[in-house]
Amino acid sequence: MPTLTLYTRPGCHLCEQAAEHLARLEFRVQSVNVDLDPHLRALHGDHVPVLALGDRVLGRGAFSRARLSTLKLALVREYLPS
């Protein structure tokens, strides 16, 4: 599984919830605070959390465990050798 990027900001309850669910589902994730980078702040604005794989946005907003489980299955299928 590749390492995903979770774009967040401090005090964001949806960001905290997403990080918690990602950890429980054993995703490899790097968290990035969008407020520390003017480019990321301009790119994402107030629309966090954002989950990405490189430049590919996998989703925004609330991430339930069910939504993340579905995403994990899709990523496993995509990254498993044929």
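Check the entry above for the structure.
Residues numbered from 1 in each chain as written. Predicted model: local features only at pLDDT ≥ 70, side-chain atom pairs only at ≥ 80, totals over all residues. Heavy atoms only, no water.

Student: In this structure, what is going on with the pairing of strand S3 (residues 50-53)? I would like to understand it.
Tutor: Residues in a regular strand project their side chains so that they alternate between the two faces of the sheet. Across the two faces of S3 the burial is the same, with Val50 and Ala52 and Leu51 and Leu53 all buried. Note that S3 and strand S4 (residues 56-60) share 4 bridges and pair antiparallel. The partner of alanine 52 across the bridge, within S4, is valine 57. Hairpin remark: S3 followed by S4, antiparallel, with 2 residues in the connecting loop; positive phi at glycine 54, about 65°. (Buried < 20%, exposed > 50% of the residue type's maximum accessible area, 1.4 Å probe, protein only. Helix = DSSP H or I, 4+ residues; strand = E, 2+ residues; numbered from the N terminus. Pairing = 2+ DSSP bridges.)

Student: Looking at this structure, how should I read the nonpolar core?
Tutor: Membership of the largest hydrophobic core comes to 13 residues, with the highest contact counts inside it found for Leu4, Phe27, Leu51, Leu58, Leu68 and Leu75. Elements represented by at least two residues in this core include exactly strand S1 (4-8), helix H1 (13-24), S3 and helix H3 (65-79). No other element matches H3, which puts 3 residues into this core. Setting aside residues no more than four positions away along its own chain, leucine 4 makes contact with Phe27, Arg28, Val29, Gln30, Leu51, Ala52, Leu53, Leu58 and Leu75. Within the second largest apolar cluster, 9 residues are counted, among which are Leu40, Val48, Val50 and Ala52. (Core = buried A, V, L, I, M, F, W, Y, C linked by side-chain atoms within 4.5 Å. Contact = heavy atoms within 4.5 Å.)

Student: Help me understand the sheet that holds S1, please; the structure alone is not making it clear to me.
Tutor: Strand pairing in a sheet relies on backbone hydrogen bonds. The paired strands run either parallel or antiparallel. The sheet built from 4 strands is open, its strands ordered S2-S1-S3-S4 with mixed pairing. In this open sheet, the two strands that pair with only one neighbour each are strand S2 (29-33) and S4. Here the strands of the sheet are splayed against their neighbours by 25° on average, with no regard to which way each runs. This element, H1, spans S1, S2 and S3 of the sheet and lies at about 160° to S1. (Axes fitted to C-alpha atoms, helices over the stretch in contact; angles between N-to-C directions.)

Student: How should I be thinking about the environment of valine 34 in this particular structure?
Tutor: Topologically, valine 34 is positioned in the loop between S2 and helix H2 (38-44). Those residues in contact with valine 34, other than ones at most four positions away along the chain, are Tyr7, Thr8, Arg9, Leu40, Arg41, His44 and Val48.

Student: Honestly, the environment of cysteine 12 in this entry has me stumped. Any pointers?
Tutor: The topology assignment puts cysteine 12 in the loop between S1 and H1. Each C-alpha atom, one on cysteine 12 and one on proline 49, is 8.1 Å from the other, the two residues being 37 residues apart in sequence. What cysteine 12 contacts, discounting residues up to four positions off in sequence, is Val48 and Pro49.

Student: Honestly, the pattern of salt bridges in this entry has me stumped. Any pointers?
Tutor: Working definition: two side chains of opposite charge can pair if their charged atoms are close together. Applying the stated criterion across every chain, the model contains 6 salt bridges. The salt bridge partner of aspartate 46 is arginine 9, with a shortest N-O separation of 4.0 Å. Here arginine 9 lies in the loop between S1 and H1 and aspartate 46 lies in the loop between H2 and S3, a separation of 37 residues in the sequence. Ionic pairing is found between arginine 56 and glutamate 78, a salt bridge with its closest N-O pair at 2.9 Å. Of this pair, arginine 56 sits in strand S4 while glutamate 78 sits in helix H3; the two residues are 22 residues apart in sequence, bridging distant segments of the chain. On the accessibility criterion, arginine 56 (38% relative accessible area) is partly exposed. Judged by its relative accessible area of 41%, glutamate 78 falls in the partly exposed class. Linked by salt bridges that have partners in common, Arg9, Asp35, Arg41 and Asp46 make up one network. (Salt bridge = Lys/Arg side-chain N within 4 Å of Asp/Glu carboxyl O.)

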